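Coordinate analysis (summary)
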Amino acid sequence: MGIRKLKPTTPGQRHKVIGAFDKITASTPEKSLVVGKKSTGGRNNTGKMTMRYIGGGHKQKYRIIDFPLSNCINSGIDTVGVLTQYQPLRLNSHIGIGIPWDLDRNFGGVTILPPYEKSGNSEWYTGTANAIYQNLDYMETFHPDYVLILSGDHIYKMDYEVMLDYHKANHADITIAAMPVPIEEASRFGVVVTDGEGRIEEFQEKPPQPKSNLASMGIYIFSWQVLKDALIALRNEPGCDFGKHIIPYCHENGQRLFAYEYNGYWKDVGTLGSYWEANMELIDIIPEFNLYEEFWKIYTNSSILPPQYVASQAVIDRCIIGNGAEIYGEVHNCIISSGVVIGEGAVVRDSIIMRDAQIGQGCVIDKAIIAENTKIGDHAVLGICLLYTSDAADD
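Small disclaimer: the values here were computed from a predicted structure and weren't measured. As a convention, each chain's residues are numbered from 1 in the sequence order in which they are written. Local features are withheld for residues below a pLDDT of 70 in this predicted model, meaning they are given only at 70 or higher, and side-chain atom pairs are given and counted only at 80 or more; totals for whole chains, interfaces and linings count all residues. Side-chain measures here rest on the full set of heavy atoms in the structure, leaving out hydrogens and waters.

1. Section: the nonpolar core
Keep this limit in mind: Side-chain atoms within 4.5 Å link the members of a nonpolar core, which is a set of buried Ala, Val, Leu, Ile, Met, Phe, Trp, Tyr and Cys residues. Only protein chains enter the accessibility calculation, which uses a 1.4 Å probe. A residue is then buried if its area is under 20% of the maximum for its type, exposed if over 50%, and partly exposed in between. For helices the rule is a DSSP run of H or I covering at least 4 residues; for strands it is a run of E covering at least 2, with both sets numbered from the N terminus onward. Whether two residues touch is decided by their heavy atoms; if any such pair falls within 4.5 Å, the residues are in contact.
If you look at the biggest cluster of nonpolar residues, it comprises 35 residues, and the most contacted ones within it are L69, V80, Y156, M158, Y160, M217 and I219. In terms of residues, this core owes the most to one element, helix α5 (residues 160–169), which gives 5 residues. Setting aside residues no more than four positions away along its own chain, Y160 makes contact with P68, N71, C72, S75, I77, L148, L150, I219 and I221. Within the second largest apolar cluster, 33 residues are counted, among which are I132, V192, I200 and F203.

In structure tokens, the structure reads:
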């Protein structure tokens, strides 16, 4: 959740290269955030230009929350509330007081907002909108004109300032970021049906028979009074949710809803499958999502660690390897986080090895996600492809 009131003063704003707003319409949406510096580049299979800058990039370990936080500070948003609920200790420790994202401010900055005990009762957040409702007092402190609502489990780069300009230009009450998806996948998302000017005529929440392929990204800009009134009106709604309750309520009451069409890279990593796919896409020869550009940096709270060690017998092919990792075996097409040890004779393919995991000697790991601090014994065999092969051999 981000609150926007004043124009940005972040130093990074002075270096941004953004096209004029008059070039962005419902039929001509925002282009991918790329800039022509010294680079190698090419077009991906959707026709969008991607850039990979010479000289390497940031190979420290990112957490998913880094992407929305970095988007906020790159967009000039310096007041951010992060809503947490289940087992938040790691997230709280990672964010801290927001120093890596320049969000350590005396007024504003980043604030962790867990559920808390109130004078009347205490309850968990029961829905996305309910979580915002329980923090109305926090938002009232800043007297905002607009409130930006974000999901914390999406990977993408977006300039929210451009989206806010679109919201203002259309005199919108609510603007929903949306992107085209294959029509056969549209039923997984909230779907918006718009007119020729981008105004939303109908909103369908995960419909079995979608009328449009324009899917909501779970990114909303609300004019503050509209959001406040809707939250109060629906405060007793069980499991109050934006897609199921707030958006339909506002639409039925005649509010001006617009769709802001986005055509850059966006990935919802709420499942293990999508999480694995997003990581593998980072190590494509020309990655569709670029971690290496100076123009729109992704910041993180990274530990101070020694450099990687690669033994003489090690084999490494198209990998991202974090600091402090030790590689004695073979790794192919993998994400190797900081502090990982790959034992001698081990072969790891198409896998994500999280921080401080140890892979024993002679192990074979194929298309797997290994959690933090996991220790895999010598000569173990793990992975989806290997299990399928073994089952077929048994048959």
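2. Some thoughts on the sheet that holds strand β15 (residues 315–317)
Note the threshold: A strand pair is defined by DSSP finding two or more bridges across the two strands. Interaxial angles span 0 to 180 degrees and are taken between N-to-C directions of axes, which are lines fitted to C-alpha atoms, for helices over the stretch in contact.
Overall, parallel pairing links the 5 strands, which are arranged β15-β18-β21-β24-β27 in an open sheet. The two strands at the open ends of the sheet, each matched to only one other strand, are β15 and β27 (381–383). Within the sheet, the average angular offset between the axes of one strand and its neighbour, ignoring direction, is 5°. Here β15 pairs with strand β18 (residues 330–332) via 3 bridges, running parallel.

3. Topic: the pattern of salt bridges
The following threshold applies: Whenever Lys or Arg places a side-chain nitrogen within 4 Å of a carboxyl oxygen from Asp or Glu, that contact is recorded as a salt bridge.
Applying the stated criterion across every chain yields a total of 7 salt bridges. Close ionic contact of E372 with R63 constitutes a salt bridge, the shortest N to O distance being 3.7 Å. Within this pair, whereas E372 is found in the loop between β25 (369–370) and β26 (375–376), its partner R63 is found in the loop between β3 (49–53) and α1 (66–74), the two being separated by 309 residues in sequence. Accessibility expressed as a relative area gives 28% for R63, which makes it partly exposed. One salt bridge in this structure joins K267 and E277, with 3.1 Å as the shortest N-O distance. Taken as a pair, K267 in strand β13 (residues 266–268) and E277 in helix α8 (residues 272–281) lie far apart in primary sequence, 10 residues in all. You can call K267 buried: its relative accessible area is 15%.

4. Overview of α5
Threshold: Throughout this description, a polar contact denotes any pair of N or O atoms lying within 3.5 Å of each other; where both atoms belong to protein, one of them has to be capable of donating a hydrogen while the other can accept it, and for residues adjacent in sequence the pair is counted only when both atoms sit in side chains.
Of all the 10 residues making up α5, 7 are buried; the element is thus mostly covered by neighbouring parts of the structure. When α5 is considered as a whole, its buried residues turn out to be Y160, E161, V162, M163, L164, Y166 and H167. Structurally, the start of α5 carries an N-cap: the backbone nitrogen of E161 is 2.9 Å from a side-chain oxygen of D159. A positive phi of about 50° marks H171, the residue just after α5.

5. Section: unusual backbone geometry
Look at R318: it is not a glycine, yet its phi comes out positive at around 50°. The residue R318 is located in the loop between β15 and β16 (320–321) in this model.

6. A look at the packing of helix α6 (residues 224–233) against helix α7 (residues 242–252)
The description of two helices packed together rests on the angle between their axes and the distance between the axes. For clarity, the cut-off: Each helix crossing is assigned a hand: it is left-handed if the near helix lies turned anticlockwise from the far helix by less than a right angle, otherwise right-handed if that turn is clockwise.
Packing of α6 against α7 leaves a shortest axis separation of 10 Å and a crossing angle of 115°. Like other packed secondary-structure pairs, α6 and α7 cross with a definite hand, here right-handed. Where α6 approaches α7, its residues V226, L227, A230, L231 and A233 are matched on the opposing element by F242, I246, Y249 and C250.

7. Points about α8
For α8, the complete set of buried residues consists of S274, A278, N279 and M280. Tucked into the core, α8 has its buried residues touching β7 (154–156), β13, β19 (335–336) and β22 (352–353).

8. Regarding the packing of aromatic side chains
Note the following rule: Working definition: rings of Phe, Tyr and Trp (its six-membered ring) pair if their centres are within 6.5 Å, and the pair is stacked with planes under 30 degrees apart, edge-to-face with planes over 60 apart, and tilted otherwise. Ring-over charges, as used throughout, are those where CZ of Arg or NZ of Lys falls within 6 Å of the ring centre and within 35 degrees of the ring normal.
For the structure on display, the rule yields 10 aromatic pairs. Seen in terms of ring centroids, Y309 and Y328 are 5.7 Å apart; in terms of plane orientation they differ by 50°. Their pairing is tilted. With Y309 in strand β14 (residues 309–310) and Y328 in the loop between β17 (326–327) and β18, this pair connects stretches of sequence that are 19 residues apart. Given a relative accessible area of 44%, Y309 falls into the partly exposed group. Taken together through their ring pairs, the aromatic side chains of F67, Y265 and F289 make up a single cluster. Lying across the ring of F289, K157 places its NZ or CZ 5.2 Å from the centre.

Treat this as a map of the structure, not an account of what it does.
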